[in-house]
Amino acid sequence: MVLEDSPLTNAGYGSNLTWNGAVECDASIIDGSNMHYGGVGAVSGIKNPIALAKLICENQNLKMSFGRIPPCLLVGLGAHEYAIANNIVAVDPFNLISEKSKKDFVHNKYKVINQKYSNCQAGNSRLDTVGCVGMDKLGNVAASSSSGGILLKQDGRVGQAALLGSGCWAQNMSDDVAMAVTTSGCGEHLIKTNLAREMSKQLLNSSCPTIAITKCFNEDFIHSPILKNCNEKLAGALVLYKNKDCCEILSAHTTKSMCIAYATENDKKSFVSRLMTNTLPGTSVMVQGYPI
């Protein structure tokens, strides 16, 4: 919620605007202790989409009449109405538009409408989905993701931040092994490759998390057959991994840079990870680990 409230991030307040100038947010969360998940997509007028996703996740235990099942993913107007009915803070949708996002919208939409060449690109905009992974004192893990999506996206578009397996994944495999993954990058590419879930599979089948994450990015993303016609393959991941011998925070990205922060009982740190010099974004991955 802190990240969503910041105008510096592309989530909640200050999100990128859709083609028609609206804020439509995606968010999701998964509880690794019971594998319950809640997600929202293309929702407007909700101050903290992750709070709504968390409520949906927690309501998976509700007993409903006539054999009905609690939803795990809600989108658009239905998600907004569910939030209102459950006392999640709603605001005027215009109050989620920051001056920076409005300026970027006007500047880039003008460029697209008036482009002279078919390959004209919009200017730089924030592509940063925000995500968190965490573990409590009992060793239970969770992962979450929240995003305003790409600038000038199609109204109604749902990105990976709303979806289980592509935006986030968390699982307590046993008392000794647990993992939580959240992703960022091009939502369509992450949805197609189901990157968070695939990364968890690689972690489960490897004794070294750094090797597992590197292998996953190379085999299941950069060289994935499903992305063979994509020129720029941009993604980032934040991972929490625990086994009986150690506990680590790991980061990986094919983007030029990625902002990372973590905190424990005894330490806290924030920094920017960058690709190696002379490395093109989308063609290789930078993986780093931080014992905690």
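Residues numbered from 1 in each chain as written. Predicted model: local features only at pLDDT ≥ 70, side-chain atom pairs only at ≥ 80, totals over all residues. Heavy atoms only, no water.

Counting residues in hydrophobic clusters, the biggest one holds 25 residues, and the most contacted among them are V40, L52 and I88. Here this core takes seven residues from helix α2 (residues 49-58), the largest share from any one element. Apart from residues lying up to four places away in sequence, V40 is in contact with C25, D26, A27, P49, L52, A53, I56, L73, L74, A79 and A162. Residues W169, M179, I213 and A252 belong to the second largest nonpolar core, which totals 24 residues. (Core = buried A, V, L, I, M, F, W, Y, C linked by side-chain atoms within 4.5 Å. Buried < 20%, exposed > 50% of the residue type's maximum accessible area, 1.4 Å probe, protein only. Helix = DSSP H or I, 4+ residues; strand = E, 2+ residues; numbered from the N terminus. Contact = heavy atoms within 4.5 Å.)

Quick look at the sheet that holds strand β1 (residues 25-31) now. One open sheet accounts for five strands, arranged β3-β2-β1-β5-β4; its pairing is mixed. Two strands in the sheet have a free side with no partner beyond their single neighbour: β3 (73-75) and β4 (130-135). The sheet shows a mean angle of 5° between the axes of neighbouring strands, taken without regard to direction. Pairing analysis gives three bridges linking strand β2 (residues 36-43) to β3, with the strands arranged parallel. Within β3, the residue paired with G41 across the bridge is V75. Contacting β1, β2, β3 and β5 (141-147), α2 crosses the sheet at an angle of about 140° to β2. (Pairing = 2+ DSSP bridges. Axes fitted to C-alpha atoms, helices over the stretch in contact; angles between N-to-C directions.)

Take α2 next. Counting buried positions along α2 yields eight of ten residues, so the element is predominantly enclosed. Within α2 the residues assigned to the buried category are P49, I50, A51, L52, A53, L55, I56 and C57. The elements touched by buried residues of α2 are α1 (2-5), β1, β2, β3, α3 (76-85) and β5.

Taking strand neighbours across the sheet as the criterion, the five strands line up as β6-β7-β8-β9-β12 in an open arrangement whose pairing is antiparallel. Each end of this open sheet is capped by a strand with a single partner; those strands are β6 (168-172) and β12 (286-291). For this sheet, the mean inter-axis angle between neighbouring strands, taken without regard to orientation, is 10°. Where strand β7 (residues 178-185) and strand β8 (residues 235-242) come together, eight bridges link them in antiparallel fashion. Paired with A180 across the two strands is L240, which belongs to β8. Where helix α6 (residues 195-204) meets the sheet, it contacts β6, β7 and β8, and its direction lies at approximately 145° from that of β7.

This brings us to helix α4 (residues 99-113). Between its terminal C-alpha atoms α4 stretches 21 Å, which fits the 21 Å expected from 15 residues at 1.5 Å a residue. Those residues of α4 not exposed but buried are S101, D104, F105, N108 and K109. Mapping the buried residues of α4 onto a view down its axis gives an arc of 115°, with all of them on the same face. Away from its buried face, by an angle of more than 90 degrees, α4 presents the exposed residues E99, K103, V106 and Y110. (Expected span 1.5 Å × (residues − 1). Arc of directions from axis to C-beta.)

A word on the pairing of strand β11 (residues 268-274). Strand direction decides the pairing type here: strand β10 (residues 257-263) and β11, joined by seven bridges, are antiparallel. Each residue of the ladder has a partner; that of Y262, found in β11, is K269. Linking two consecutive strands that pair antiparallel, namely β10 and β11, is a turn of four residues.

This brings us to the UniProt feature "active site" (unreviewed entry) in the chain. The sites that carry the UniProt feature "active site" (unreviewed entry) are, in the present numbering, T129. Take T129: it is sitting in the loop between α4 and β4. For T129, the contacting residues outside a window of four places in its chain are S145, S146, S147, Q160, A161, T183 and S184. (UniProt positions renumbered as here; feature names shortened; annotations may be inferred.)

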